[in-house]
Amino acid sequence: MNLSLYLLTVLIWGTTWIALKWQLGVVAIPVSIVYRFGLAALVLFALLLLSRKLQVMNRRGHLICVAQGLCLFCVNFMCFLTASQWIPSGLVAVVFSTATLWNALNARVFFGQRVARNVLMGGGLGLMGLGLLFWPELVGHTTSPQTLLGLGLALLGTMCFSAGNMLSSLQQKAGLRPLTTNAWGMAYGALMLATYCAVRGIPFEMDWSARYVGALWYLVIPGSVIGFTAYLTLVGRMGPERAAYCTVLFPVVALNVSAFVEGYQWTAPALMGLVLVMAGNVLVFRKPKVASPTFKTKPV
């Protein structure tokens, strides 16, 4: 079950960047995010009501969902999409992949969970591998105030993503399933961002082209309803630090898609980086050896 959820998350989130790219243009970025999570929330509520699986939450649960909506379905996406205007998408992916280490650290700070050595080693190898994968963009991008601002926003988005992971883990420890908390979180996130657009006077335009509408529904159903549910279920089952290793792998999927769609050229450093990412993946999921008990016989 864990492997299926893991692979599903990696494959979906490794391809959603194409849909995000196809949305740029007529509709403002925050409005597109409102459409995405507003529709995703409606779909989730419909499924939960039809199946009678919508859980009742108390005031504390709703407050945590508000915070989760702010972190996972509002500020997170605004930071990354805005950062992409000033720094290469590959560099954004590298920053986002530090979520593995942020989750391990936050799980230690907030839940007192021991950080396994293999998780830290695997995350480190994965980040080294991504550095090699995106080496041309890393060395070819000149430093400027916009670059530093973009890096800062990407880091802020990653920290918001990690905070949302902790909040989801907290909800699941209280017995609330990701389907219910995601439905409310997405609704709250879309509402907050819609309020922001109204205050700023950002028009709620719509692009009825087949590309935009198709991209929107891909982001709504696979990208949000399925992707976030699968990932946050992994957070509850495996822990935030192991589940976050998806963020290291999905840029690798994105690069392979890019090779097919945009003609990305694999290089020797990139292939070496891919090997390091795979090695890190093996380390993260390796179960630590348990020392077998030794029995001492007492002299008769």
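Note: the structure precedes this text.
Given the structure is predicted, the values throughout are model-derived calculations rather than measurements.

Conventions adopted
- Residues numbered from 1 in each chain as written.
- Predicted model: local features only at pLDDT ≥ 70, side-chain atom pairs only at ≥ 80, totals over all residues.
- Heavy atoms only, no water.
- Core = buried A, V, L, I, M, F, W, Y, C linked by side-chain atoms within 4.5 Å.
- Buried < 20%, exposed > 50% of the residue type's maximum accessible area, 1.4 Å probe, protein only.
- Contact = heavy atoms within 4.5 Å.
- Bend = angle between axes of the 7 residues up to and from the residue.
- Helix = DSSP H or I, 4+ residues; strand = E, 2+ residues; numbered from the N terminus.
- Expected span 1.5 Å × (residues − 1).
- Polar contact = N/O pair within 3.5 Å; in protein donor to acceptor, adjacent residues only side chain to side chain.

### Brief notes about the nonpolar core
Piece 1. Ile33, Phe37, Met186, Phe228, Tyr231 and Val277 are the most contacted members of the largest nonpolar core, which has 66 residues in total.
Piece 2. What Phe228 contacts, discounting residues up to four positions off in sequence, is Trp13, Arg36, Phe37, Leu72, Phe73, Phe77, Asn182, Met186 and Gly223.

### Points about helix α11 (residues 210–238)
Piece 1. Within α11, the axis deviates most sharply at Gly227, by approximately 35°.
Piece 2. Gly239 sits one or two positions beyond α11 and adopts a positive phi of about 100°.

### Here we look at unusual backbone geometry
Piece 1. In this structure, Arg52 is a non-glycine residue whose phi angle is positive, near 55°.
Piece 2. Topologically, Arg52 is positioned in the loop between α3 (29–51) and α4 (59–83).

### Overview of the environment of Trp217
Piece 1. With respect to the secondary-structure elements, Trp217 resides in helix α11.
Piece 2. Sequence separation of Trp217 and Arg36 is 181 residues, and the distance between their C-alpha atoms is 7.7 Å.

### Things to note about α4
For an α-helix, 3.6 residues make a turn, and residues three or four places apart therefore share a direction.
Piece 1. The end-to-end C-alpha separation of α4 is 34 Å, in line with the 36 Å expected for 25 residues at 1.5 Å each.
Piece 2. Along α4, the sharpest kink reaches roughly 35°, centred on Val75.
Piece 3. Measuring from the backbone nitrogen of Arg60 back to the side-chain oxygen at the start of α4 gives 3.2 Å, which picks out Asn58 as the cap.

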